[in-house]
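Overview (structure and organization)
Residues per chain are reported as follows:
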There are 2 protein chains.
Amino acid sequence: MIAIDWGTSSLRGYLLNADGTVLDQRRGSDGILACQGRFAEGLSKLIEGWDGPLLLSGMIGSRNGWVEQAYLPCPVDTTALAQAMRSYNDLLPGRTLWFVPGVSTGEQHGVPDVMRGEETQLVGLIAALGDGEHVACLPGTHSKWAQIANGQLTGFATVMTGELYAVLRQHSILGKLMQDDHAARDTDAFLLGVDRSAEPGGLSHHLFGARTLGLFDRLAATALPSYLSGLLIGHELCDHHGDHGAVHLVGSPSLAQRYALALAHLGVKSQLHPEDLAATGLFALARQRELV
Amino acid sequence: MIAIDWGTSSLRGYLLNADGTVLDQRRGSDGILACQGRFAEGLSKLIEGWDGPLLLSGMIGSRNGWVEQAYLPCPVDTTALAQAMRSYNDLLPGRTLWFVPGVSTGEQHGVPDVMRGEETQLVGLIAALGDGEHVACLPGTHSKWAQIANGQLTGFATVMTGELYAVLRQHSILGKLMQDDHAARDTDAFLLGVDRSAEPGGLSHHLFGARTLGLFDRLAATALPSYLSGLLIGHELCDHHGDHGAVHLVGSPSLAQRYALALAHLGVKSQLHPEDLAATGLFALARQRELV
């Protein structure tokens, strides 16, 4: 089968054999934003020479994607997601495309929350973890914190850590004192930020401290980006890691390792999982639907 | 005397008589940013025809201002600030200019915090309030929360509420769903945001809710800016109003009234003070130094 993980700024394809082993993988150049609506063209190029049932997940199923898919409310499991997949024969000549829906926390619980793409990575994680209660964190522009219980995704929350970092770095007064945008580089400054996040005063007050520490030469201009990253990730962790034991981290190794470092600093265990859980998840969904 | 309140983006002058009554007031067109270093020119124009001792406070005494002034560490009172004023005879022909220093929380207490200009407004507030313990909030781009005890400014904290609102509105994914930048307009949406800020999950998670409420058509695009404002101000209040009774608000009437509304919604009393407390404060400092 062919598994496609198509996000806002990335496109990844995997060719899997009948037991789910990855035979081949390719990266496309265009996420859905850069694609500018030429989805058929982008996908054709990516999967040239590959055959088999074709499953897609991620922002490709959003309003700005190819065909908008519904959000399934929590709790959901692999079976429910597989049953809710919709197929299209008219998008790519000679191919049937299966789209995975997004997931919402449901509108009845106050402010709703949504994910697209992460639900498929979580299906892959659930296949790996089996039963029991687990907390998963998928760090990124909009980090997701998911509660998993006995194979079900029971709830989740989005935290805008990555986007806040980017807009504050580029557009706020904080960025003006900073040099070198390598947030992971200065471990001491990063952990100072994590420590600070556990103190009273709130995020918006702590952020101003990144300015005064620079003004008073207490942190070098090159250390301030790491401090800012530590503040934002620290607040995310303090608000969301809960008391559920180890946190399962799914994301790019460099970012996941930074979260693991901050969690360890706070006395919380974590376990890193491979970034390509989307392929594992799409395979589990295909098998559940008896497409493979 | 002449009292000058010169900030990053505003310039205000007051002519006061010997008992502190405002005889005349003028607004200049240029804050220190727009002034581009031509401070003497800007000031000459503003005070044309006015005579008397000349006191200045605000960002004009910062590194990017006219002559950089020190920060006095807390606790400080009117006497200490008056004694720390420095005079210059060489900046404007025939005039002596007195600069008020800034105030810091002191470097010994973890992350330092700073103010410039607000200390002078607080001197004016202290003159009005007299002895006792008070909490003051000066809302703005960088809001200040000050603790006052028996005529002393004992500590304070900066919260980046106004700047966060601006960068999120203009540069984040949240702004894309929003219409009409009149944060004060939709009172219901504003108070929904204030309510939300008291719930668990943290600011960065609550911010994402401004997107999902828009996606699910639960809030109109025109209501979302007010909701965002309510979230940010609500978090500021929850983190800083403490249990000190009424909050003394000093700022522009429209902004101070929005804070008063949010505080009332949270069951906290507040009292609004006139925006031109800087003139009152500069007069108190001049009298303390026996310049008037």
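Residues numbered from 1 in each chain as written. Chains lettered and ligands numbered in written order. Predicted model: local features only at pLDDT ≥ 70, side-chain atom pairs only at ≥ 80, totals over all residues. Heavy atoms only, no water.

**Structural notes on the domain arrangement of chain A**
Residues and elements named next belong to chain A. What counts, and what does not: Marked domain ranges trace back to an automatic or database domain assignment. The contact criterion used is simple: two residues touch if any of their non-hydrogen atoms lie within 4.5 Å. Put simply, buried area is how much 1.4 Å-probe accessible surface two parts lose in total, over both of them, once they are put together.
Assigned domains within chain A: domain 1 (2-130 + 275-289) and domain 2 (160-273). Between domain 1 and domain 2, the C-alpha centre-to-centre distance is 31 Å. Counting from both sides, the interface comprises five residues of domain 1 and, opposite them, six residues of domain 2. Across the domain 1/domain 2 interface, buried area totals approximately 490 Å², and carbon plus sulfur atoms make up 76% of it. When the area that domain 1 buries against domain 2 is broken down by residue, the three leading residues are Leu 125, Leu 129 and Glu 275, summing to 74%.

**Digging into the relation of the copies chain B and chain A**
Inclusion rule: A residue counts toward the fit only if its pLDDT is at least 70 in both copies, and the copies are then superposed by least squares on the C-alpha atoms of those residues.
When chain B is fitted to chain A, the residual RMSD is 0.0 Å, and the transformation amounts to a turn of 180 degrees plus an axial shift of 0.0 Å. The transformation relating the two chain copies, once decomposed into turn and shift, fits a two-fold axis.

**Quick look at the environment of Ala70(B)**
Just so we agree on the cut-off: Secondary structure elements are defined from DSSP: runs of H or I of at least 4 residues count as helices, runs of E of at least 2 residues count as strands, and each element is numbered from the N terminus.
Mapped onto the fold, Ala70(B) is located in the loop between strand S4 (54-57) and strand S5 (71-73). Residues contacting Ala70(B), with those up to four places away along its chain left out, are Pro101(B), Gly102(B) and Arg116(B).

**Focus: the side chain of His206(B)**
Residues and elements named next belong to chain B. Put simply, the rule reads: Each residue gets one of three labels from its accessible area relative to the maximum for its type: buried under 20%, exposed over 50%, partly exposed in between, using a 1.4 Å probe on protein chains only.
With respect to the helices, strands and loops of the structure, His 206 is situated in helix H8 (residues 203-215). The class of His 206 is buried, set by a relative accessible area of 0%. Discounting chain neighbours no more than four positions away, the residues touching His 206 are Arg 196, Ser 197, Glu 199, Pro 200, Gly 201, Leu 231 and His 235.

**Here's the deal with the nonpolar core**
Among soluble globular proteins, nonpolar side chains are generally buried collectively. Quick reminder of the rule: Within this scheme, the nonpolar core is defined by two criteria: the residues are buried Ala, Val, Leu, Ile, Met, Phe, Trp, Tyr or Cys, and they are joined through side-chain atoms within 4.5 Å.
In this structure, Leu174(A), Leu207(A) and Leu207(B) are the most contacted members of the largest nonpolar core, which totals 50 residues. When contributions to this core are tallied by element, the ones reaching two or more residues are helix H5 (161-171), helix H6 (173-176), helix H8 (203-215) and helix H9 (224-240) of chain A together with helix H5 (161-171), helix H6 (173-176), H8 and helix H9 (224-240) of chain B. The contacts of Leu207(A), once residues within four sequence positions are left out, are Leu168(A), Leu174(A), Leu228(A), Leu231(A), Leu232(A), Met160(B) and Leu164(B).

**Topic: helix H4 (residues 118-129) of chain B**
Residue and element names in this part refer to chain B. To keep it simple, the criterion reads: Here, expected helix span is obtained from the residue count minus one, scaled by 1.5 Å.
Taking 1.5 Å per residue as the helical rise, H4 with its 12 residues ought to reach 16 Å, and the 16 Å between its terminal C-alpha atoms agrees with that figure. Counting buried residues along H4, nine of its 12 residues qualify, which places the element largely inside the surrounding structure. Within H4 the residues assigned to the buried category are Glu 118, Glu 119, Thr 120, Gln 121, Leu 122, Val 123, Gly 124, Leu 125 and Ile 126.

**Side note on the packing of aromatic side chains**
All names here are of chain B. Just so we agree on the cut-off: Ring geometry is summarised as follows: Phe, Tyr and Trp rings, the Trp one being its six-membered ring, pair when their centres sit within 6.5 Å, and such pairs are stacked at plane angles under 30 degrees, edge-to-face over 60 and tilted between the two.
With the rule as written, the count across this model stands at 12 aromatic pairs over all chains. Ring geometry for Trp 6 versus Phe 39: centroids 5.8 Å apart, planes at 85 degrees, classification edge-to-face. A residue pair is termed long-range when its members are at least 10 positions apart, and Trp 6 in strand S1 (residues 2-6) and Phe 39 in helix H2 (residues 39-46) qualify at 33 residues. Comparing Trp 6 with Phe 39 shows no difference in burial state: the two are buried.

**What to know about the sheet that holds strand S1 (residues 2-6) of chain A**
Residues and elements named next belong to chain A. For clarity, the threshold we go by: Two strands qualify as a pair provided DSSP detects at least 2 bridges between them. Under this scheme, a helix contributes an axis fitted over its contacting stretch, all axes are lines through C-alpha atoms, and angles between N-to-C directions fall in the 0 to 180 degree range.
Read across the sheet, six strands follow the order S3-S2-S1-S4-S8-S7 without closing on themselves; strand pairing throughout is mixed. Each edge of the open sheet carries a strand with a single partner, namely strand S3 (22-28) and strand S7 (86-88). Each strand of the sheet is rotated relative to its neighbour by a mean of 20 degrees, with strand direction disregarded. One ladder, built from three bridges, connects strand S4 (residues 54-57) with strand S8 (residues 97-99); its direction is parallel. Of the residues in S8, the one forming a bridge with Leu 56 is Phe 99. In this fold helix H11 (residues 277-288) packs onto S1, strand S2 (11-16) and S4, with an angle of close to 125 degrees to the strand it touches most, S4.

**Re the sheet that holds strand S11 (residues 133-138) of chain B**
Residue and element names in this part refer to chain B. Strand order in the open sheet made by the six strands is S6-S13-S12-S11-S14-S15, with mixed pairing throughout. Strand pairing shows two members of the sheet lacking a second neighbour, strand S6 (76-77) and strand S15 (270-273), which therefore form its edges. With six bridges connecting them, S11 and strand S12 (residues 143-149) associate as antiparallel partners. When the bridges of S12 are listed, His 134 appears paired with Ile 148.

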